[in-house]
Amino acid sequence: MINITTSLQPSSRIRRRQALALVLLVVCGVINYLDRATLAVANEYIRADLGLSLGQMGLLLSAFSWSYALCQLPVGALVDRIGPRWLLGIGLVVWSVAQAAGGLASTFGWFVIARIALGIGEAPQFPSAARVVSNWFPVRARGTPTGIFNSASPLGVALAPLCLPPLIAATSWHWAFFVTGAMGLMAAVVWLTLYRDPVHQQMSAEECAYLEVAASRDAAAKPVATSWLALFRYRTTWGMMLGFFGSVYLNWVYLTWLPGYLRAERHMAFAHVGIAAAIPFMCGFAGALIAGWASDRVAQRAASPLLGRRNAVVVSTLGMVAFTIPAALVESNVVAVACISIVIFLANASSACAWSLATVAAPPSRIASLCALQNFGGFLGGALAPVLTGYIAQSWSFVPALLTGAGIAFLGAMSYRYLVVRPIPEL
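Given the structure is predicted, the values throughout are model-derived calculations rather than measurements.

**Examining the overall build of the protein chain**
Here is step 1: Along the protein chain, the regular secondary structure elements total 17 helices and 0 strands.
Here is step 2: The C-alpha radius of gyration computed for the protein chain amounts to 21 Å, which stays within 12% of the reference 22 Å derived for 427 residues, consistent with globular compactness.
Here is step 3: For the protein chain, the spread of C-alpha atoms along the three principal axes comes to 70 × 40 × 35 Å.
Here is step 4: Here the protein chain holds 427 residues, and the buried ones make up 59% of them.
Here is step 5: A separation threshold of at least 6 residues defines the contact pool for the protein chain, and within that pool the share at least 24 residues apart is 86%.

**Thoughts on the pattern of salt bridges**
Here is step 1: By the definition in use, this model includes 3 salt bridges.
Here is step 2: For Arg131, the salt bridge is made with Asp80, and the minimal N-O distance between the two is 2.8 Å. In this pair, Arg131 is assigned in helix H7 (residues 125–136) and Asp80 in helix H4 (residues 54–82), connecting sequence segments 51 residues apart.
Here is step 3: A residue is classified by how much of its surface remains accessible, and Arg131, at 3% relative accessible area, is buried.
Here is step 4: Judged by its relative accessible area of 12%, Asp80 falls in the buried class.

**Comments concerning a nonpolar patch on the surface**
Here is step 1: A contiguous nonpolar surface patch, about 620 Å² in accessible area, is contributed by Leu78, Ile82, Trp86, Ile90, Val94, Ile116 and Ile120.
Here is step 2: The set of elements that each furnish at least two residues to the nonpolar patch consists of H4, helix H5 (84–102) and helix H6 (108–122).
Here is step 3: Sorting elements by how many residues they give to the nonpolar patch places H5 first, with 3 residues.
Here is step 4: Checked against the element boundaries, Ile116 lands in helix H6.

**Focus: the side chain of Asn251**
Here is step 1: Within the fold, Asn251 resides in helix H12 (residues 235–264).
Here is step 2: Residue classification places Asn251 among the buried positions, given a relative accessible area of 13%.
Here is step 3: Contacts of Asn251, omitting those with residues within four sequence positions, involve Met320, Ile344 and Ala347.

**Focus on the confidence of the model for the protein chain**
Here is step 1: Looking at the protein chain, pLDDT values average 87 and 92% of them are 70 or higher.
Here is step 2: Across the protein chain, helix H17 (residues 398–419) holds the top mean pLDDT of 97, while helix H1 (residues 4–7) sits lowest at 41.
Here is step 3: Below a pLDDT of 50 lies the segment residues 1–7, which in the model reaches 8 contacts outside its immediate sequence neighbourhood of four places, other chains included.
Here is step 4: Low pLDDT, under 50, characterises residues 213–225; the stretch is placed with 31 contacts to residues that sit more than four places away or in other chains.

**Topic: the packing of H4 against H5**
For any two helices packed against each other, the geometry is given by the interaxial angle and the distance between the axes.
Here is step 1: The geometry of H4 relative to H5 is characterised by a closest axis approach of 7 Å and an angle of 130 degrees between their N-to-C directions. Looking at the two axes, H4 sits oblique to H5. Facing H4, whose interface residues are Val75, Leu78, Val79 and Ile82, H5 presents Pro84, Trp86 and Leu87.
Here is step 2: In terms of residue class, the contact of H4 with H5 is built from 7 nonpolar, no polar and no charged.

**Remarks on H17**
Here is step 1: With 22 residues, H17 extends 32 Å from end C-alpha to end C-alpha; this agrees with the ideal 32 Å at 1.5 Å per step.
Here is step 2: Along H17, the residues that are buried comprise Phe398, Ala401, Leu402, Gly405, Ala406, Ile408, Ala409, Gly412, Ala413, Ser415 and Tyr416.
Here is step 3: On its buried face, H17 sits against H12, helix H14 (305–329), helix H15 (333–361) and helix H16 (367–395).
Here is step 4: One side-chain oxygen at the N-terminal end of H17 lies 3.2 Å from the backbone nitrogen of Val399; it belongs to Ser397.

**With respect to the nonpolar core**
The nonpolar side chains of a soluble globular protein tend to be buried with one another.
Here is step 1: Core analysis: the largest hydrophobic core is formed by 120 residues, its most contacted members being Ile46, Trp191, Tyr254, Leu262 and Tyr416.
Here is step 2: In terms of residue count, the dominant contributor to this core is H15 (16 residues).
Here is step 3: Excluding residues that lie within four positions of it along the chain, Ile46 makes contacts with Leu39, Gly51, Leu52, Met57, Phe111, Trp173 and Phe177.
Here is step 4: Grouped together as the second largest cluster of nonpolar side chains are 5 residues, Val75, Val79, Leu87 and Ala368 included.

**Here's the deal with the packing of aromatic side chains**
Here is step 1: A full pass over the atoms with the stated rule returns 17 aromatic pairs.
Here is step 2: For the ring pair Phe64 and Trp252, a centre distance of 5.9 Å and an interplane angle of 5 degrees mean the geometry is stacked. Residue Phe64 is found in helix H4, and its partner Trp252 is found in helix H12; the two are separated by 188 residues along the sequence.
Here is step 3: Among the residues examined, Phe64 registers a relative accessible area of 0% and is labelled buried.
Here is step 4: With a centroid separation of 6.4 Å and an interplanar angle of 85 degrees, the aromatic rings of Phe244 and Trp355 are classed as edge-to-face. Of the two residues, Phe244 is situated in helix H12 and Trp355 in helix H15; the sequence distance between them amounts to 111 residues. Residue Phe244 shares its accessibility class with Trp355, and that shared class is buried.
Here is step 5: Feature note: the residues Tyr33, Phe126, Phe149, Phe244 and Trp355 constitute an aromatic cluster, connected by ring pairs.
Here is step 6: The lysine or arginine in question, Arg36, covers the ring of Tyr33, its NZ or CZ lying 4.0 Å from the ring centre.
Here is step 7: Just above the ring of Tyr68 sits the side chain of Arg36; from NZ or CZ to the centre is 4.6 Å.

What counts, and where the lines are drawn
- Each chain has its residues counted from 1, running along the sequence as written.
- This being a predicted model, a pLDDT of at least 70 is required before a residue's local features are given, and a value of 80 or more before pairs of side-chain atoms are given or counted; all residues contribute to the totals for chains, interfaces and linings.
- Side-chain figures throughout are based on the complete set of non-hydrogen atoms in the structure, without hydrogens or water.
- Per the convention used, a helix needs a DSSP run of H or I reaching at least four residues, while a strand needs a run of E reaching at least two, with both numbered from the N terminus.
- As a reference, a globule follows 2.2 Å times the number of residues to the power 0.38, and the radius of gyration itself is taken over C-alpha atoms.
- Burial classes: relative accessible area under 20% of the type maximum marks a residue as buried, over 50% as exposed, and values in between as partly exposed (1.4 Å probe, protein chains only).
- Only heavy atoms matter for contacts: two residues are in contact if any of them lie within 4.5 Å across the pair.
- When a carboxyl oxygen of Asp or Glu lies within 4 Å of a side-chain nitrogen of Lys or Arg, that pair is called a salt bridge.
- For patch building, the residue pool is restricted to those with more than 30% relative accessible area and no salt bridge; the joining distance is 9 Å between like charges and 5 Å between nonpolar side chains (Val, Leu, Ile, Met, Phe, Trp, Tyr).
- Only the protein chains shown count as covering a residue, and every accessible area follows the Shrake-Rupley method with a 1.4 Å probe.
- Think of pLDDT as the predictor's per-residue confidence, scored from 0 to 100.
- Working convention: axes come from line fits to C-alpha atoms, limited for helices to the stretch in contact. Angles between N-to-C directions cover 0 to 180 degrees.
- Roughly parallel refers to an angle under 35 degrees, roughly antiparallel to one over 145, roughly perpendicular to one between 65 and 115, and oblique to any angle outside these ranges.
- Under the grouping applied here, Gly and all other residues not named as nonpolar or charged are polar, the nonpolar ones being Ala, Val, Leu, Ile, Met, Phe, Trp, Tyr, Cys and Pro and the charged ones Asp, Glu, Lys and Arg.
- Given the number of residues in a helix, its expected span is that number minus one, multiplied by 1.5 Å.
- The definition of a polar contact used here is a pair of N or O atoms within 3.5 Å, where within protein one atom must be able to donate a hydrogen and the other to accept one, and adjacent residues in sequence count solely through side-chain atom pairs.
- Working definition of a nonpolar core: buried Ala, Val, Leu, Ile, Met, Phe, Trp, Tyr and Cys residues. They are joined through side-chain atoms within 4.5 Å.
- Side-chain rings of Phe, Tyr and Trp, where Trp is taken by its six-membered ring, are said to pair if the distance between their centres is within 6.5 Å; with planes under 30 degrees apart they count as stacked, over 60 as edge-to-face, and otherwise as tilted.
- Whether a charge lies above a ring is judged from NZ of Lys or CZ of Arg, which has to be within 6 Å of the ring centre and within 35 degrees of the ring normal.

Encoded structure:
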């Protein structure tokens with residue numbers, strides 16, 4: 001009989017597989033968010049070239065999020081049934097072609113279609129990543145790898161204003177879409193070539209014991225008869241959807257409008273905007289990594305993994321609210337960027353904790369499904385944020401737009417606190 005202490009220690013082969021999986025997820029995630037952020041970085045060039053208003057740009061920025069959010073509904077169940085390798089690989093191809101198609105856009109309508117296709121292609125990324133983590137890591141050690149794959153989001157957004165403006169200046173905004181699209185196609189080949197899910201028949205007894213502990217709540221291999229729609233019967237599902245709506249809404253106010261906000265509201269020179277817009281998302285990169293590690297420590301000491309990870313989400317989201325208020329109201333650009341940096345740090349901490357929360361709140365066979373439903377709620381907020389922000393800024397200013405985001409995030413934190421109280425049983 002295998003000692004449980006031994007079985008909880010991964011072999012060197014499993015450690016290598018875990019490390020490879022995380023490296024691949026981070027690379028794909030960085031490209032994913034570079035593609036999303038390209039439109040925000042090229043905002044002024046595209047508006048001038050296509051003659052778009054702030055309101056139209058808000059609609060264009062949100063087109064991705066609507067299709068992305070709606071595709072979360074089926075994609076989680078597909079990840080649970082088909083597996084992350086093929087679904088993410090196909091998604092990489094689709095979103096990369098759609099990104100390159102954005103570079104060919106000459107009208108507002110064409111650009112909207114390209115962004116909708118981008119959202120469809122990118123939909124499998126994070127449910128697949130959550131499934132990979134649940135396949136390869138034990139329940140109480142999922143925070144750190146979740147933080148690592150989530151760190152790709154702010155890293156990609158931070159790299160975009162540093163890497164893309166020189167390319168745009170040397171060529172045109174069209175080439176920013178072409179180059180990032182080509183990067184995604186190369187990543188698809190690498191992902192499909194290198195990534196594999198655990199195969200127990202090819203592993204030692206000790207490795208199987210470790211993975212059986214890791215998968216004790218997962219039941220990943222067997223088919224499931226009950227529809228994922230049954231998850232909607234539980235208030236935990238609704239709390240996670242509404243909570244992530246608030247967190248992602250405020251995060252996407254900054255993700256889609258930060259360069260434009262710094263230029264239009266705070267009158268920063270274009271040469272300074274790239275650095276000023278990158279700093280907060282570098283802080284977000286650190287936030288995702290630190291939160292992932294810290295949430296594992298909290299979960300190990302909490303009454304239950306669910307309560308520990310949920311409370312981390314609530315505290316991080318309330319911190320976003322607290323620092324958005326001075327970010328909107330202070331006159332100093334330096335203080336405003338510092339406050340925004342803290343908000344983005346906390347936003348990515350909240351996101352990392354929310355994704356790890358989903359892996360312990362879900363029933364064993366529905367981890368990707370619950371992750372996707374939470375992400376569906378989040379990206380309804382992500383879809384609304386750029387549109388509402390654009391129209392509020394156009395009608396008044398960015399100050400009430402930021403304060404509106406803070407209010408919505410506060411309601412999201414309360415949803416997590418009072419609705420997410422126990423795990424969902426096996427369906």
